[in-house]
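Coordinate inspection notes
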Amino acid sequence: MASLQCSPVYKTFIRQLSTQHRTFRNITAVHTPVLHKSFSSSSRIMTAEKILNGRNMNSQVRKAEYAVRGELAIRSETLKTSAQHFVDKWLVLNPGSGNPSDLEEELAKGAKLPFKRVVGCNIGNPQALDQKPITFFRQVASLVEYPELLKDENAEAAAKFYPSDAIARAKLLLKNIGSVGAYSHSQGIPHIRESVAKFISERDGYPADPSKIFLTQGASAGVQLTLEMIISHNKVGVMIPIPQYPLYTATLAVLDANPVPYYLDESKQWGLTSKELQRAYDESEKMGIETRALVIINPGNPTGQCLAEDNMKEIIEFCSKNKVILLADEVYQTNIYRPEDRPFHSFKKVLKSMGPKYEGFEMISYHSISKGMIGECGRRGGYFECEGLDAEVMEQIYKISSISLCPNVQGQIMVDLMVSPPKKGDPSYPLYKKEYDAIYNSLIERAAILEKTFNSLEGCTCNSADGAMYLFPQIRLPKKAIEAAKAVGKEPDHFYCMAMLESTGVCMVAGSGFGQVEGTAHFRSTFLPQPELFDDFCSGIKNFHADFMNKYRE
């Protein structure tokens, strides 16, 4: 890794990550007294007697950073806790009162916070921001959890609360699972892997093999597992986009591997060229790095772009030419907001369309129940599909999967529901379609409103979102604000986001946590707050920004 650090591009990237590390190292003492007390107070008293401590623990773990759950997120939880303490006290002093508006007014006064609630826009966690779960999915999940309802003697009672297709699906799942409290096959329940293979085949028009599909605890677990397979020594490199999702840099840090950054072009809607990929690859090769894999996030996180089919073909050709495994992160594949201009194409479909020349091409693609219109993040379900991998590698992936015994069964069930929802003609279809479309159309509207808001701010420009759940605007801060940030050891965009959180209760993530071009500043925000909150949400951002710019104006 030392030789790669000679690269100016790489030095910039590592400096940004190092700043995150210094920031995170000090946050418990500054912002989180509860966390500090829980983890630090007793250990500091007896550090000399501890076998495992901060000096001798795995140094690679210490290097890992995860910006979306970093200082800003921890501070938002502290503010949320402070507000909740007041809510609890208010309820005790006002027994029997159930007027939410009264509580909100008192909360704003009594908690002495300049906002009514903390809004977590730092992470794509839809149901935390009151997105309603899909009814059919929860009906099936509840039935498999309590199968007594499916017994013949309870059929009449169950029929009053559950549609017939939800009951039928639950029975089918239990027939193939047994009890949801039992371990499943380590690779995932065979019936559900068959459902995933059918979904992929219908989506792409090319067959999928259930034996090459692994169900996982969310897509993140699949990414981590497959990177473990790829990285065999500390000279291995993995190409990651800048801006990138911090899962990748964090995992590479733990595995003592080298992130090889390639840059998306903000001036061209966060576009990607094979020329830029080749530049990054060639530079790493000169530095003695064995670059083995390329990560593509499509649709993009945090940037929201959706790749065109011709661009995807160029990427596949690049990987083939340079003998690089393609890792296709496709968890936002249903979050497509310009389907006529920028439809989603899976890399599997594009690869298969390119003919026999690419037979044996090595690729792993990932999907998740956490995104899309489902948003079941807490259930931790996902899958990855392997294409063209060596048979021995497949055996080793299974072995590593078996060490964890199995992915959680309720997450697997939600994967089954994701890939095989109610179809036209089913009793649950009208409600499913209504709920799905309402979420989808609302996301399109909210993305447009928030984009307009950001572009109205002084010194701020924001590309539109083709997909995913985020906007990633660039902000040009006054010199005084940059100097103030440096004076407290923060990146300017982090300083701005912290000020926004303290003023508005809105938690976003600084662009420096994702990587960005040297000298620029960004932040990432979801557009997940519910429509009824959006006017106050956007006006709060506008008012804060105007005050911030005036405060630090030259």
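Refer to the structure printed above.
Quick look at the structure, then. (Residues numbered from 1 in each chain as written. Predicted model: local features only at pLDDT ≥ 70, side-chain atom pairs only at ≥ 80, totals over all residues. Heavy atoms only, no water.)

On to the overall build of the protein chain, then. Helix and strand counts for the protein chain stand at 22 helices and 14 strands. Among the 554 residues that make up the protein chain, the fraction classed as buried is 53%. Long-range pairs, those at least 24 residues apart, make up 74% of the contacts in the protein chain between residues at least 6 apart in sequence. As displayed, the protein chain has an accessible area near 25,200 Å², and 54% of this comes from carbon and sulfur atoms. (Helix = DSSP H or I, 4+ residues; strand = E, 2+ residues; numbered from the N terminus. Buried < 20%, exposed > 50% of the residue type's maximum accessible area, 1.4 Å probe, protein only. Contact = heavy atoms within 4.5 Å. Areas by Shrake-Rupley, 256 points an atom, 1.4 Å probe, with all protein chains shown as cover.)

In this section: helix H22 (residues 531-551). Here H22 is 21 residues long and its end C-alpha atoms lie 31 Å apart, about the 30 Å a rise of 1.5 Å per residue gives. What H22 keeps buried is the set Phe 534, Phe 537, Cys 538, Gly 540, Ile 541, Phe 544, His 545, Phe 548 and Met 549. Considered in projection along H22, the buried side chains sweep an arc of 165 degrees and stay on one side of the axis. When the buried face of H22 is taken as reference, the exposed residues oriented beyond 90 degrees from it are Glu 532, Asp 535, Asp 536, Asn 543, Asp 547 and Lys 551. (Expected span 1.5 Å × (residues − 1). Arc of directions from axis to C-beta.)

Let us now look at the sheet that holds strand S5 (residues 290-297). Taken in spatial order, the seven strands make up an open sheet running S2-S8-S7-S6-S5-S3-S4, and their pairing is mixed. The open sheet is flanked by strand S2 (213-216) and strand S4 (258-263), the only strands paired with a single partner. Between one strand axis and the next, the sheet turns by 20 degrees as a mean value, whatever way the strands run. Inspection of the sheet shows strand S6 (residues 325-329) paired to strand S7 (residues 363-368) by four bridges, in the parallel sense. Counted as the bridge partner of Leu 327 is Ile 364 from S7. Contacts from helix H14 (residues 274-286) reach strand S3 (236-242), S4 and S5 within the one sheet, and its direction differs from that of S4 by about 150 degrees. Contacting S2, S7 and strand S8 (382-387), helix H18 (residues 409-419) runs over the sheet at an angle of about 70 degrees to S8. (Pairing = 2+ DSSP bridges. Axes fitted to C-alpha atoms, helices over the stretch in contact; angles between N-to-C directions.)

Turning to unusual backbone geometry, a few remarks are in order. Omega for the bond connecting Ile 242 with Pro 243 falls within 30 degrees of zero, at 5 degrees, which places this linkage in the cis form. For Pro 243, the location among the structural elements is in the loop between S3 and helix H13 (247-254). Each neighbour pair has its own omega, and for Asn 298 with Pro 299 the value is -5 degrees, a cis peptide bond. Structurally, Pro 299 is set in the loop between S5 and helix H15 (309-322).

Within the largest apolar cluster, 109 residues are counted, with the highest numbers of intra-cluster contacts made by Tyr 383, Phe 454, Tyr 496, Met 508 and Phe 537. It is helix H19 (residues 429-456) that provides the largest number of residues to this core, a total of eight residues. Counting 31 residues, the second-largest nonpolar core is a separate cluster that includes Ile 289, Leu 294, Ile 316 and Phe 361. (Core = buried A, V, L, I, M, F, W, Y, C linked by side-chain atoms within 4.5 Å.)

Taking strand neighbours across the sheet as the criterion, the three strands line up as S10-S14-S13 in an open arrangement whose pairing is antiparallel. Each edge of the sheet is formed by a strand with only one pairing partner; in this case those strands are strand S10 (470-471) and strand S13 (509-510). Looking at chain direction, S13 and strand S14 (residues 523-526) are connected through two bridges and run antiparallel. Paired with Ala 510 across the bridge in S14 is Phe 523.

So, on to the side chain of Ser 186. Mapping Ser 186 onto the fold places it in the loop between helix H10 (164-177) and helix H11 (190-204). Judged by its relative accessible area of 13%, Ser 186 is buried. Excluding its chain neighbours within four sequence positions, the residues that come into contact with Ser 186 are Tyr 398, Ser 401, Ser 402, Leu 405, Cys 406 and Pro 407.

Attention now goes to the pairing of S7. Burial of S7 is extensive: six of the six residues sit out of reach of the surface. Judged by which residues are buried, S7 turns out to be covered on both faces: Met 363, Ser 365 and His 367 on one side and Ile 364, Tyr 366 and Ser 368 on the other are all buried. You can see the chain leave S6, run along helix H16 (residues 347-353) and come back into S7, and the turn it takes is right-handed. (Right-handed = clockwise from strand over helix to strand, strands pointing away.)

Residues Glu 362, Asp 390, Glu 392 and Glu 395 make up a contiguous surface patch of negative charge. Within the secondary structure, Glu 392 is located in helix H17 (residues 391-403). Classification of Glu 392 by relative accessible area gives exposed; the value is 53%. (Patch = residues over 30% accessible without salt bridge, like charges linked within 9 Å, V, L, I, M, F, W, Y side chains within 5 Å. Salt bridge = Lys/Arg side-chain N within 4 Å of Asp/Glu carboxyl O. Lys, Arg positive; Asp, Glu negative; His and termini not counted. Charge placed at Lys NZ, Arg CZ, Asp CG, Glu CD.)

When the terminal C-alpha atoms of H17 are compared, their 19 Å separation across 13 residues agrees well with the 18 Å that a helix rising 1.5 Å per residue should span. Contacts from the buried residues of H17 go to S2, helix H12 (218-230) and S8. If you check the start of H17, you find a side-chain oxygen 2.9 Å away from the backbone N of Glu 392, and it comes from Asp 390. Following H17 by one or two positions, Leu 405 adopts a phi angle in the positive range, close to 75 degrees. (Polar contact = N/O pair within 3.5 Å; in protein donor to acceptor, adjacent residues only side chain to side chain.)

With that settled, the discussion passes to the pattern of salt bridges. Per the stated rule, a full pass over the model turns up 15 salt bridges. Put simply, Arg 138 and Glu 376 hold a salt bridge, and the shortest N to O gap is 2.9 Å. Of this pair, Arg 138 sits in helix H8 (residues 135-145) while Glu 376 is found in the loop between S7 and S8, placing the two residues 238 residues apart along the sequence. Using a relative accessible area of 31% as the deciding quantity, one classes Arg 138 as partly exposed. A salt bridge links Arg 279 to Glu 283; the nearest nitrogen and oxygen atoms lie 3.5 Å apart. Remark: Glu 283 and Arg 279 occur in helix H14; sequence separation between them is four residues, near one turn of the helix. Given a relative accessible area of 23%, Glu 283 falls into the partly exposed group.

What follows covers the packing of H12 against H13. The N-to-C vectors of H12 and H13 enclose an angle of 35 degrees; their axes lie 10 Å apart at closest approach. Remark: the crossing between H12 and H13 carries right-handed chirality. In contact with Ser 220, Val 223, Gln 224 and Leu 227 of H12, H13 contributes Leu 247, Tyr 248, Thr 251 and Leu 252. Its residues assigned to classes, the contact of H12 with H13 shows five nonpolar, three polar and no charged. (Left-handed = near helix turned anticlockwise from the far one by under 90°. Nonpolar A, V, L, I, M, F, W, Y, C, P; charged D, E, K, R; others polar.)

We now examine the packing of H14 against H15. If you want to describe how two helices pack, look at the angle between their axes and the distance between the axes. Where H14 meets H15, the closest approach of the two axes is 10 Å, and the angle between their N-to-C directions is 25 degrees. Comparing the axis directions of H14 and H15 gives the class roughly parallel. Note that H14 runs across H15; the crossing there is right-handed. Residues Ser 274, Leu 277, Gln 278 and Tyr 281 of H14 pack against Glu 314, Ile 315, Phe 318, Lys 321 and Asn 322 of H15. Here the residues of the contact of H14 with H15 sort into four nonpolar, three polar and two charged. (Parallel < 35°, antiparallel > 145°, perpendicular 65-115°, else oblique.)

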